[in-house]
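# Descriptive analysis of the structure
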Amino acid sequence: MPRKFKGIHILSTTIILLLGGCGVPSTPKDLIEPPVPETSLQTGNISQDLIKLLPQKAQILSPVQEKAGNDISFGDMDGDGVDEAVIVYKEKNKTGKMLKAALFTLHQEQWHKISEVEGYGYGLDYVRMTDIDHDGRSELALGWSLGEAGNGLNIYSWRNDTLKLLSKKVYQEKPDLNLK
Amino acid sequence: MSIQKRLVGSYLVVITLTVLILEVFLILSVRYYYFHNIERVLMNQAELSASFFEQYFAEEDLEQQSERLLQGFAYHSDAQVQIIHPSGRLLQDSTGFSSRITMTQYADVQSAISGEPGTWRGKDSLTQEAVLSVSYPLEAHHVTVGAVRFVTSLKATITTVNQITVLLIGVGVLVIAIVTVLGLFLSGTITKSIKDLKKAADRMTDGDFSIHVHKRYRDELGSLADTFNMMASRIVKSEKLKNDFISSVSHELRTPLTSIKGWVITLKSNGAGNKELFHEGLEIIESESDRLGRMLNELLDFSKLDSGRIALHIAPVNVTELLNHIGRQLAPRAARQGIALDLEADGILPVIQADENRLKQVLINLIDNSLKFTDTPGRITVHATTKQKHVVITVTDTGSGISEEKLANVLQKFYKEDPHAPGSGLGLAISDQIVKLHHGELRISSKIDIGTKVQISLPIEGPEF
């Protein structure tokens, strides 16, 4: 870019930043999101309770492999006999979209978010809470997708009040839930 | 330059400037918005691809899995995707140019290979198109093992931005055109009124005062048109007053002159023997000459007052003495007409700063007027009092009174209620002027058949304060 336009460029950037408050205005693509009916938030079902705990503009993802549209997976990760819940969602931030998986637990009839892990790739391919290492407690398996290049499977277990990454591997069609 | 041209010109300057500022801002914003967003989308994609690579594919050799990786990286993107070896060698290209060329001449590739994301805008050496490229380092265990590069042609973007630019400029030109037409129309509403006024003024300069300016709008120019019309009618009226005055003054001057001349002829033919007749003739000639002299003095006074050449000789004046003096002077005439002349004063009147002779002239004139318009038996009261640093002298008569519409004109010069009545019609106008020179005020109120009340108030301190 020629030097004489650099001043104008900086000036226009400044003006846009000033007008936009904090940053470039959202692109049309960023603004597409499903409508959230506000009244339904009062209903007592679990999914609404959990959605309320997510960040405001979060968009819940369904795994590609399960067409049934199971947005929430349940499984007992800490072995107390009560199922924990996992929701995978997309959150917009300054640089783009972040994939995240949030783990919730039921404590005194109230759901609380206890942990959160970051996701990779374009979207969620697979999510399952099942006992993989046969220790009586469920593990969390998350399959992130990068399209044709393949998918990445992360398996987490609940240890010492935190999600611990047990294994990380690539799979193509179906995830291999064995730890080795 | 005409007002219309100036008005339209200034409208045009203002709107052109406004449109220009807006256009520059909008066009720059649109350009920035498009180019920045494209860069952002590519950067996000590159970042996403690189982080996925780091998480899951870092174990394998980049070159061996490059074909599969390319499919994944290009999965959601319409851009050209390239995978580059740390040496700068092109490993994979989504458009299929897998000729093993080196890419190190591009700034973004250099930056990515050294570990930092980079962007580059320029001309593609192969297709001669303007392109935007974003390169992102692919890392395995914190070591850069290559780079992923997203390239997009800017041809369509530039076309779109240019289309929007043309559209914006078109709208701007349209706005300017509309404002110009509106400006012509709006300025017409002003200039038409002004042209009307100018035409009327031209005709007045030529001496035609029978004009009537058409009032187009109820604005400042409309009220100016009203003022013009009023001015013209006032000029016509004062012209008529002046003509009446000249004819009445000529008449007034002729009456004593005729009488003088008649007596001169009588005395010339048979006044030599008759001493009594001779004496009577001379007496009449003397009094008629005095009358002429008084009238001429009045005229002179007035012209002096009118042109502001009169000077007051301010000295302390004892109002009580002045009133007594005037009373003594006019009592015989009042007695002759069978009218009672009363002088009253509230308490002791102060000594005021004024021109005694002029003040006397005013009072005599006022009482004289009352005597003229009061029939026998009548009463004229001159009352003096002190009020808020002013001496107020009121002359009240039980005369014929003045009607309301004529009351407004009595202070005007040359005005006479009856054009054939004796006098110059200047008395009250002169009195008013003299009182004003003293910084005082002259007020007249009157009721038909009941009488007239003239009130003059003069500041005790005189006109200097």
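The name an unreviewed UniProt entry gives chain B is histidine kinase, with Paenibacillus mangrovi as the organism. Database annotation for chain B, UniProt heading Subcellular location (unreviewed entry): "Cell membrane".

If you check an unreviewed UniProt entry, chain A appears there as VCBS repeat-containing protein from Paenibacillus mangrovi.

## Looking at the overall build of chain B
The helix and strand tally for chain B stands at 10 helices and 12 strands. Within chain B, buried positions represent 39% of all 465 residues. Within chain B, contacts between residues at least 6 apart in sequence are counted, and of these 63% link residues at least 24 apart. For chain B, the exposed area adds up to about 26,300 Å²; of that, 58% sits on carbon and sulfur atoms.

## Comments concerning a nonpolar patch on the surface
All names here are of chain B. A contiguous nonpolar surface patch, about 580 Å² in accessible area, is contributed by Tyr 11, Leu 174, Ile 178, Leu 182, Phe 185 and Leu 186. At 5 residues, helix α4 (residues 155–205) tops the list of elements feeding residues into the nonpolar patch. By relative accessible area, which is 38% here, Leu 186 ends up partly exposed.

## Observations regarding the sheet that holds strand β11 (residues 441–447) of chain B
All names here are of chain B. One open sheet accounts for 5 strands, arranged β7-β9-β10-β12-β11; its pairing is mixed. Because the sheet does not close on itself, it has two edges, and the strands there are β7 (339–345) and β11. When strand polarity is set aside, the average angle formed by the axes of neighbouring strands in this sheet is 10 degrees. Lying over the sheet, helix α7 (residues 319–337) contacts β7, β9 (378–387) and β10 (390–397), oriented at roughly 170 degrees with respect to β7.

## As for the sheet that holds strand β9 (residues 162–171) of chain A
Residue and element names in this part refer to chain A. Ordered in space as β6-β7-β8-β9, the 4 strands form an open sheet in which the pairing is antiparallel. Of all the strands in the sheet, the pair left with one neighbour each is β6 (123–130) and β9. Across the sheet, the mean angle from the axis of one strand to that of its neighbour is 20 degrees, orientation sign disregarded. In this structure, strand β7 (residues 139–145) lies alongside strand β8 (residues 151–159), joined through 6 bridges in antiparallel fashion. In the sheet register, Ser 145 faces β8, and the bridge partner there is Asn 151.

## Things to note about the UniProt feature "transmembrane region" (unreviewed entry) in chain B
Per the UniProt record, "transmembrane region" (unreviewed entry) is found at residues 12–34 and 164–186 of chain B. Structurally, residues 12–34 of chain B is divided into 100% helix and 0% strand, and its ends, taken at the C-alpha atoms, are 32 Å apart.

## A word on the packing of aromatic side chains
Residues and elements named next belong to chain B. Counted under the stated rule, the structure contains 6 aromatic pairs over all chains. Summarising the aromatic geometry, the rings of Tyr 33 and Tyr 34 are spaced 6.1 Å apart at their centres and angled 75 degrees between planes, so their arrangement reads as edge-to-face. On the accessibility criterion, Tyr 33 (24% relative accessible area) is partly exposed. With 4.8 Å between their ring centres and 50 degrees between their planes, Phe 52 and Tyr 56 make a pair best called tilted. Taken together, the residues Phe 52 and Tyr 56, both in helix α1 (residues 3–57) and 4 residues apart, mark about one turn of the helix. The exposure class of Phe 52 is buried, given its relative accessible area of 0%. Residue Tyr 56 is classed as buried on the basis of its relative accessible area, which comes to 5%.

## Comments concerning the environment of B:Tyr136
All names here are of chain B. Along the chain, the position of Tyr 136 falls in strand β4 (residues 130–140). In this structure Tyr 136 comes out as buried when scored by relative accessible area, which is 18%. Tyr 136 sits 28 residues away from Asp 108 along the chain, and the two C-alpha atoms are 8.3 Å apart.

## Let's talk about the packing of helix α8 (residues 356–373) of chain B against helix α10 (residues 427–437) of chain B
Residues and elements named next belong to chain B. Packing of α8 against α10 leaves a shortest axis separation of 9 Å and a crossing angle of 145 degrees. Seen along the crossing, α8 lies across α10 with a hand that is left-handed. Two secondary-structure elements touch here, α8 through Arg 358, Gln 361, Val 362, Asn 365, Leu 366 and Asn 369 and α10 through Gly 427, Leu 428, Ile 430, Ser 431, Ile 434 and Val 435. By residue class, the composition of the contact of α8 with α10 is 6 nonpolar, 5 polar and 1 charged.

## Brief notes about the environment of B:Phe185
In this fold, B:Phe185 is placed in helix α4. Through-space distance from the C-alpha of B:Phe185 to that of B:Gln4 is 9.6 Å; in sequence the pair is 181 residues apart.

## Regarding the confidence of the model for chain A
Residue and element names in this part refer to chain A. Summary statistics for chain A give a mean pLDDT of 75 and a share of 73% for residues scoring 70 or more. At the level of individual helices and strands, chain A shows its lowest average pLDDT in helix α1 (residues 3–20), which scores 60, and its highest in β7, which scores 87. Here residues 39–43 is a poorly scored stretch, pLDDT under 50, and it has 5 contacts once near neighbours within four places are set aside; other chains count.

## Digging into the pattern of salt bridges
All names here are of chain B. Considering all chains together, one arrives at 19 salt bridges over all chains under this definition. The partner of Asp 226 in a salt bridge is Lys 215, with the nearest N and O atoms 2.9 Å apart. Within this pair, whereas Asp 226 is found in helix α5 (residues 220–270), its partner Lys 215 is found in the loop between α4 and α5, the two being separated by 11 residues in sequence. Accessibility expressed as a relative area gives 31% for Lys 215, which makes it partly exposed.

## A word on unusual backbone geometry
Here B:Thr376 and B:Pro377 are connected by a cis peptide whose omega angle stands at -10 degrees. With respect to the helices, strands and loops of the structure, B:Pro377 is situated in the loop between α8 and β9. Located in the positive-phi region is A:Asn160, a residue other than glycine, with phi close to 50 degrees. Secondary-structure assignment places A:Asn160 in the loop between β8 and β9. Located in the positive-phi region is B:His439, a residue other than glycine, with phi close to 60 degrees. Residue position: B:His439 is located in the loop between α10 and β11.

## Looking at a negative patch on the surface
Taken together, the side chains of B:Glu276, B:Glu280, B:Glu283, B:Glu286 and B:Asp290 define an acidic patch exposed on the protein surface. Summarising the element assignment, B:Glu276 is placed in helix α6 (residues 275–307).

What counts and what doesn't
- Residues numbered from 1 in each chain as written.
- Chains lettered and ligands numbered in written order.
- Predicted model: local features only at pLDDT ≥ 70, side-chain atom pairs only at ≥ 80, totals over all residues.
- Heavy atoms only, no water.
- UniProt positions renumbered as here; feature names shortened; annotations may be inferred.
- Helix = DSSP H or I, 4+ residues; strand = E, 2+ residues; numbered from the N terminus.
- Buried < 20%, exposed > 50% of the residue type's maximum accessible area, 1.4 Å probe, protein only.
- Contact = heavy atoms within 4.5 Å.
- Areas by Shrake-Rupley, 256 points an atom, 1.4 Å probe, with all protein chains shown as cover.
- Patch = residues over 30% accessible without salt bridge, like charges linked within 9 Å, V, L, I, M, F, W, Y side chains within 5 Å.
- Salt bridge = Lys/Arg side-chain N within 4 Å of Asp/Glu carboxyl O.
- Pairing = 2+ DSSP bridges.
- Axes fitted to C-alpha atoms, helices over the stretch in contact; angles between N-to-C directions.
- Phe/Tyr/Trp six-rings, centres within 6.5 Å; stacked < 30°, edge-to-face > 60°.
- Left-handed = near helix turned anticlockwise from the far one by under 90°.
- Nonpolar A, V, L, I, M, F, W, Y, C, P; charged D, E, K, R; others polar.
- pLDDT = per-residue confidence, 0-100.
- Lys, Arg positive; Asp, Glu negative; His and termini not counted.
- Charge placed at Lys NZ, Arg CZ, Asp CG, Glu CD.

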